[in-house]
Each structure stands twice: as structure tokens, then as C-alpha cells.
Amino acid sequence: MKLVYYELDLKIEFNENKVTLLVLESPCLFQKVVTDLYQQSLGDQQFYVLSENQKELEFNKQVDVVLSPLNIDLNNKKIISRVYGHLSDLANEELNKKLELNNSVYCYLENLVSSSNYPFLEINIDPRWDNLFKMYDIKVRDETESLLERIIEYLKLNSSLMNYELFVFVGLKQFLDDDQLEELYKMIELLKLHVLLIESNDSRYNSYEDMYIFDQDLCLIRR
């Protein structure tokens, strides 16, 4: 898989069993690169091209940008929406049970309305099923006890639910020590994920990494 950023004439090749590290020593460049990545992940202007076997991929659907690991939420809107969609599909496969339950709830609500002082009320006979999931607060069970565990669970969850092709983490190395990084890299290798780390310095190079460095003079260095 390849990521191209034409602003810098940067072409990143993602290799199997490696985490890609992009070091941007210039604060202005750091801000520009990260801002462009994040905006495009939201579906805004196109600054980057992500491709696989010379076929362009839909960036905003297949790239997840994490600006801070502290903000990782195992129950974010995208994840919950995908979970509810899957549950709705399962409910539609058991249509008789769904209709039976809907009829029971409808009759119950109809009795409530008829017993109330508001005869002008009406009931939707074909409700949205995700409202049922919300009512019972169906969500991902979060039993993580450390930041590393949360990052790993986030990667597992999103790789299975969302089918992201690329995960981008900004400033991740500021939050994990060397042993934690190595554990994370081994999990990334096991899950066969493409991961890009963006950092402001290269003081903690790891053998699991493919490194691209833009120094203060915007010269590209490979390691």
C-alpha cells in the first residue's frame, strides 16, 4: 500500500510487519501535514492519495486519524453506528420475532395512550430499531485498565468493524515507553495492520519502524 502527499512530494510505501514513522522536525510542517490528514479523513479537500495495487482507495472511509491516544473512545459514533447496523441486519433475519416484539410493544403503547388524557397522540407502527438499542444502552464493553490496552482494543475493534486500511497516530510515542511500544508493534504485526506514526523527533528509533524524516530544512532522510 502507498500513501502520497504531493505537497512534499512524499511517497510512503507500507511494508508488511513494519510500522511507518514520519518525523517532522519543523513545527509549521508538522501542523500542516497533520491538519491536511485530519481534514481529509473527515471528507474534506484531497491532499493525499492512498492506493493499493495502483487502485485508489476512499481515504475518508479507509483511514482513521487519532490526534491523541487519550481521546480514544471504544464507543465513538462510527463504531456504535456500525454495531447498530449489524444488529439491525440480524433482527431482519429473524423477521417473525421482530414483528412479534414490535406488535407487543405497539399494543402496550396503544394502551398507554388510550389511558392518557391525550387522545391526539399517535404511534409510529414501524419504529427505528436502533432506538431500541439506544434505550438499552448497547455498547462495547470496555475493560481496559491502561492506555496501551485501550489502544490495542481500539485497533482490534476498528480493524474488524470498520475495515480501515490505515491507522494514523499523532504523537503516540509521547505516551508509551519502549516496552509498551514493542508490545504494541507486535500486536500490529499480528493483526497485519498498516500504521503510520507522526512524531516531531526521532530520538527513540525502533527496529520495527520504517522511518521518514523531514528535518528543519525540509530535507527528506530515510532510515
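Report on the accompanying structure. (Residues numbered from 1 in each chain as written. Predicted model: local features only at pLDDT ≥ 70, side-chain atom pairs only at ≥ 80, totals over all residues. Heavy atoms only, no water.)

1. Quick notes on helix H3 (residues 77-93)
Argument step 1. For H3, which comprises 17 residues, the first-to-last C-alpha distance of 25 Å matches the rise-based estimate of 24 Å (1.5 Å per residue) to within 8%.
Argument step 2. Ile 79, Ile 80, Val 83, Tyr 84, Ser 88 and Ala 91 are the residues of H3 that are buried.
Argument step 3. Taken together, the buried residues of H3 touch helix H4 (95-115), helix H5 (129-135) and helix H6 (147-161).
Argument step 4. Of the residues that open H3, the one with a side-chain oxygen 3.1 Å from the backbone nitrogen of Lys 78 is Asn 76. (Helix = DSSP H or I, 4+ residues; strand = E, 2+ residues; numbered from the N terminus. Expected span 1.5 Å × (residues − 1). Buried < 20%, exposed > 50% of the residue type's maximum accessible area, 1.4 Å probe, protein only. Contact = heavy atoms within 4.5 Å. Polar contact = N/O pair within 3.5 Å; in protein donor to acceptor, adjacent residues only side chain to side chain.)

2. Looking at the sheet that holds strand S4 (residues 48-52)
Argument step 1. Here we have four strands laid out as an open sheet, ordered S2-S1-S4-S5, and antiparallel in their pairing. The outermost strands of the open sheet, each flanked by one partner alone, are strand S2 (10-13) and strand S5 (55-56).
Argument step 2. The sheet contact formed by strand S1 (residues 2-5) and S4 spans four bridges and is antiparallel. When the bridges of S4 are listed, Leu 3 appears paired with Leu 50.
Argument step 3. Relative to the sheet, helix H1 (residues 27-41) contacts S1 and S4, its axis offset from that of S4 by approximately 65 degrees. (Pairing = 2+ DSSP bridges. Axes fitted to C-alpha atoms, helices over the stretch in contact; angles between N-to-C directions.)

3. Here's the deal with the nonpolar core
Argument step 1. Counting residues in each nonpolar core, the largest one holds 36 residues, and the members touching the most others are Ile 151, Leu 155, Phe 169, Leu 184, Ile 188, Val 195 and Leu 197.
Argument step 2. Of all the secondary-structure elements, those providing two or more residues to this core are strand S3 (19-24), H3, H5, H6, strand S7 (166-170), helix H7 (178-191), strand S8 (195-199) and strand S9 (209-214).
Argument step 3. With near-sequence residues (within four places) excluded, Leu 184 lies in contact with Leu 148, Ile 151, Ile 152, Leu 155, Leu 172 and Leu 176.
Argument step 4. Formed by 27 residues, the second largest nonpolar core is a distinct cluster that contains Tyr 48, Leu 57, Ile 198 and Tyr 212. (Core = buried A, V, L, I, M, F, W, Y, C linked by side-chain atoms within 4.5 Å.)

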